[in-house]
Amino acid sequence: MIKIKNAEEIEKMRKAGKLAAHLLDYIEPFVKEGVSTLYINDLCEEFTQKHGAISAPLHYNGFPKSICTSINNVVCHGIPSAKDILKNGDIVNIDVTVILDGYHGDTSRTFLIGEVDDKVKSLVKRTENAMYRGIDAVKSGKYLYEVGKAIEKYIDKFGYSIVRDYGGHGIGRNFHEEPQVYHHFTQGNKIRLRKGMIFTVEPMINMGPSYRIKTSAKDGWTVTTADGSISAQFEHTILVTDNSAEILTKA
Ligand code: MF3
Ligand code: CO
Ligand code: CO
């Protein structure tokens, strides 16, 4: 069952989304060479608390930290650590989710550290473009699979691959609700979009031709590309409106 949010819920989702976007803006200047991902985590936790919100990832299904920090070949769910020091040439996805007044705002960006290889920079830019292509395909009355179709159409020509095992999701009072949002074309997403639905669009794009991933046996969370290739991601939480989408995680 996909929930249709009412006006009051939508207003709360706007506030939560805005706070999540502000959090990414706040953290950006700290995401630099020499900084540990744990330090970034701690600043995010402090900012979130100061704004009367809760970090959704903390203790979510046992996740140990407040945000996800995914470096280079890490696809998603990287765990912030004092041992992970950002270095020149890295890319890092910072994924934040705040709970404000009971509602979730979920957004991520991939940041460049110092001088990044041109090919990797292109991957990052195109991943962001892919997210916006997906968002632009959202129209009430159309099928949800238009999102994946638009992303696939854009991404295919680069020889990259679109991660299939993780996707977007409905969001509201719960961190993850129906529907599952695929970032490639599949009949599994033959779901009619209706005004008032809220979900995330968050493509994970691998630079190599394989979408395969593996999960760390050691920590049970860190997802990496199976072939070691670099992976990028961007995420927004969006609301289906009359004939388009409203981005809720915009500052
Ligand atoms: N923020 C992630 C998403 O976009 C989910 C992280 S779950 C966690 O869905 F437990 F790893 F934090
Ligand atoms: Co997220
Ligand atoms: Co999400």
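See the structure shown above.
Residues numbered from 1 in each chain as written. Chains lettered and ligands numbered in written order. Predicted model: local features only at pLDDT ≥ 70, side-chain atom pairs only at ≥ 80, totals over all residues. Heavy atoms only, no water.

What to know about the site of ligand 1
If you check the shell around ligand 1, you find 14 residues, and the closest are Asp 106, His 169, His 176, Glu 202 and Glu 235. For ligand 1, a nitrogen atom lies 3.1 Å from a polar atom in the side chain of Asp 95. The contact in question runs from an oxygen atom of ligand 1 to an N or O atom on the side chain of Glu 235, over 3.0 Å. Relative to its unbound accessible surface of 340 Å², ligand 1 loses 96% to contact with the protein. (Near = heavy atom within 4 Å. Polar contact = N/O pair within 3.5 Å; in protein donor to acceptor, adjacent residues only side chain to side chain. Areas by Shrake-Rupley, 256 points an atom, 1.4 Å probe, with all protein chains shown as cover.)

Considerations on the sheet that holds strand 3 (residues 74-76)
Adjacent strands of a sheet form backbone hydrogen bonds with each other and so pair up, either parallel or antiparallel. Sheet architecture is open: three strands sit in the order 3-12-11, paired in antiparallel fashion. Two strands close off the open sheet at either side, each with one partner strand: strand 3 and strand 11 (213-215). Each strand of the sheet is rotated relative to its neighbour by a mean of 40°, with strand direction disregarded. Two elements, strand 3 and strand 12 (residues 223-225), share two bridges in a ladder whose sense is antiparallel. Considered in strand 12, the bridge of Cys 76 is made with Val 223. (Pairing = 2+ DSSP bridges. Helix = DSSP H or I, 4+ residues; strand = E, 2+ residues; numbered from the N terminus. Axes fitted to C-alpha atoms, helices over the stretch in contact; angles between N-to-C directions.)

Thoughts on the side chain of Gln 233
Looking at where Gln 233 falls in the secondary structure, it is placed in strand 13 (residues 231-233). Engagement of the side chain of Gln 233 in a polar contact is seen with the backbone oxygen of Glu 202, the distance being 3.0 Å.

Digging into the packing of aromatic side chains
Summed over the entire model, instances satisfying the criterion amount to nine aromatic pairs. Centroid distance Tyr 26 to Phe 47: 4.8 Å. Interplanar angle 25°. Geometry classified as stacked. On the criterion of sequence distance, the pair formed by Tyr 26 in helix 1 (residues 7-27) and Phe 47 in helix 2 (residues 37-50) is long-range, its members being 21 residues apart. Residue Phe 47 is classed as buried on the basis of its relative accessible area, which comes to 12%. Counting every residue linked through ring pairs, the aromatic cluster contains Tyr 26, Phe 30, Tyr 39 and Phe 47. Looking at Arg 164, its charged tip hangs above the ring of Tyr 211, at a distance of 4.6 Å from the centre. (Phe/Tyr/Trp six-rings, centres within 6.5 Å; stacked < 30°, edge-to-face > 60°. Buried < 20%, exposed > 50% of the residue type's maximum accessible area, 1.4 Å probe, protein only. Lys NZ or Arg CZ within 6 Å of the ring centre and 35° of its normal.)

Concerning the coordination of the cobalt ion (ligand 3)
When a metal carries six donors in an octahedron, the ideal angles between them are 90 or 180 degrees, while four donors in a tetrahedron ideally lie at 109.5 degrees. At this site the cobalt ion (ligand 3) is bound by Asp 106 (OD), His 169 (NE2), Glu 202 (OE) and Glu 235 (OE), with donor distances of 2.0 to 2.2 Å. Of note, the cobalt ion (ligand 3) draws all its donor residues from one chain, in the sequence arrangement D-x62-H-x32-E-x32-E. (Donors = N, O, S within 2.8 Å, 3.2 Å for Na, K, Ca; no water.)

A look at the coordination of the cobalt ion (ligand 2)
Around the cobalt ion (ligand 2), the protein contributes the donor atoms Asp 95 (OD), Asp 95 (OD), Asp 106 (OD) and Glu 235 (OE), which lie 2.1 to 2.4 Å from the metal centre. Note that the cobalt ion (ligand 2) binds six donor atoms; their angles at the metal cover 58 to 166°, and the shape is irregular. Motif for the cobalt ion (ligand 2), donor spacing along one chain: D-x10-D-x128-E. (Tetrahedral: all angles 85-135°; square planar, octahedral: opposite > 155°, others 65-115°.)

So, the pattern of salt bridges
One pass over the full model with this rule turns up eleven salt bridges. Among the ionic pairs, Arg 14 bridges to Glu 11, the shortest N-O distance being 2.9 Å. With Arg 14 and Glu 11 both in helix 1 and three residues apart, the pair spans about one turn of that helix. Taking relative accessible area as the criterion, Arg 14 reaches 30% and is therefore assigned partly exposed. What makes Glu 11 partly exposed here is its relative accessible area of 36%. In this structure, the salt-bridge partner of Asp 90 is Lys 87, at a minimum N-O distance of 3.1 Å. Assessed through its relative accessible area of 3%, Asp 90 is described here as buried. Accessibility expressed as a relative area gives 48% for Lys 87, which makes it partly exposed. Among the ionic contacts, a cluster of salt bridges with common partners joins Lys 3, Lys 5 and Glu 177. (Salt bridge = Lys/Arg side-chain N within 4 Å of Asp/Glu carboxyl O.)

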